[in-house]
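Residues per chain, in single letters:
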Amino acid sequence: MRRYWFPKRYADAVARLRVPGGFLLVAAFAWYSRPSVRSLWAGIPLFVLGLALRGWAAGHLAKNQSLATGGPYAYTRNPLYLGTLLVAAGLAVAAQSPGLASLFAAVFVLIYLPVIEQEEQHLRKIFPGYAEYAGQVPALWPRFPAQKIGGCPNPFRIALYLRNQEYQASAGFLAGVLFLVWKVL
């Protein structure tokens, strides 16, 4: 039997707090960031890498319709969350704030990891092949080379990227970088 790290009630509660908590993170980010030109040059590449990974993943994800196993999903089961982690790391480095980095890490562990676990339980219920996929592809940290799972995995589709509204996340994250640039100037 599978052992879960977080109680279901806790995972349900933090799943509901994910979006409102994001607004509190934005306020903390605005208040505690102390960027410099050097920190921007160090953080922005991580940020861009995270956004690229999120965009790539969103273009392969047909939520609740088919199991995504192609593209970044052949390396990790959660490329969207890994992309978010990279974006947050890039923003923390660019903001030059160890406190923000600690806050982002705590949010990831206390909110995102339970949500990941909850989503995995959901996927196990709706996709019979999920257990096999989960046995071959790591949850978060990518494995190289990619795992070939099943027949022909879904190719990247811009329609999926748009349906998943990844452009909204990209715009929000980009606003964070522009804010940091503004603070430097």
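Scroll up for the structure.
Note that the structure is a prediction, hence the values are computed from the model and not measured. (Residues numbered from 1 in each chain as written. Predicted model: local features only at pLDDT ≥ 70, side-chain atom pairs only at ≥ 80, totals over all residues. Heavy atoms only, no water.)

Undergrad: Is there a simple way to think about the packing of helix 2 (residues 37-58) against helix 3 (residues 79-95) in this case?
TA: Each pair of packed helices gets described by two things: the angle between the helix axes and the distance between those axes. Look at helix 2 against helix 3: their axes get within 7 Å of each other, and the N-to-C directions meet at 165°. One finds that helix 2 runs roughly antiparallel with respect to helix 3. Of the two elements, helix 2 crosses helix 3, and the hand of that crossing is left-handed. (Axes fitted to C-alpha atoms, helices over the stretch in contact; angles between N-to-C directions. Helix = DSSP H or I, 4+ residues; strand = E, 2+ residues; numbered from the N terminus. Parallel < 35°, antiparallel > 145°, perpendicular 65-115°, else oblique. Left-handed = near helix turned anticlockwise from the far one by under 90°.)

Undergrad: Sorry if this is basic, but what is going on with the pattern of salt bridges here?
TA: Pairing is possible between side chains that carry opposite charge, provided their charged atoms lie close to one another. Counted according to the given criterion, the structure contains 3 salt bridges. The partner of Glu166 in a salt bridge is Arg54, with the nearest N and O atoms 2.7 Å apart. With a gap of 112 residues between them, Glu166 in helix 7 (residues 166-184) and Arg54 in helix 2 connect regions that are remote in the sequence. For the residue pair Glu166 and Arg54, the accessibility class agrees, reading buried in each case. The salt bridge involving Arg124 is made with Glu120; its shortest N-O contact spans 3.4 Å. Of the two residues, Arg124 and Glu120 both sit in helix 4 (residues 98-126), 4 residues apart, roughly one turn of that helix. By relative accessible area, which is 30% here, Arg124 ends up partly exposed. Overall, the relative accessible area of 6% leaves Glu120 in the buried class. Each of Arg77, Glu120 and Arg124 takes part in salt bridges that share partners, so that together they form one network. (Salt bridge = Lys/Arg side-chain N within 4 Å of Asp/Glu carboxyl O. Buried < 20%, exposed > 50% of the residue type's maximum accessible area, 1.4 Å probe, protein only.)

Undergrad: Help me understand the packing of aromatic side chains in this model?
TA: To describe a pair of aromatic rings, you give the distance between the ring centres and the angle between the ring planes. Within the structure shown, the criterion is met by 7 aromatic pairs. For the ring pair Tyr81 and Tyr112, a centre distance of 5.6 Å and an interplane angle of 65° mean the geometry is edge-to-face. Note that Tyr81 is positioned in helix 3 and Tyr112 in helix 4, a separation of 31 residues in sequence. Within the aromatic cluster, the residues linked to one another by ring pairs are Phe29, Phe179 and Trp182. (Phe/Tyr/Trp six-rings, centres within 6.5 Å; stacked < 30°, edge-to-face > 60°.)

Undergrad: For this particular structure, what's the right way to read unusual backbone geometry?
TA: Outside of glycine, negative phi angles account for most residues, and trans bonds account for most peptide bonds. The omega torsion of the bond from Phe144 to Pro145 falls at 0°, within 30 degrees of zero and hence cis. Despite not being glycine, Asn64 shows a phi value in the positive range, around 60°. With respect to the secondary-structure elements, Asn64 resides in the loop between helix 2 and helix 3. Overall, the relative accessible area of 53% leaves Asn64 in the exposed class. Although it is not a glycine, Gln96 sits at a positive phi angle of roughly 55°. Mapping Gln96 onto the fold places it in the loop between helix 3 and helix 4. Relative accessible area serves as the criterion here: at 43%, Gln96 is assigned to the partly exposed category.

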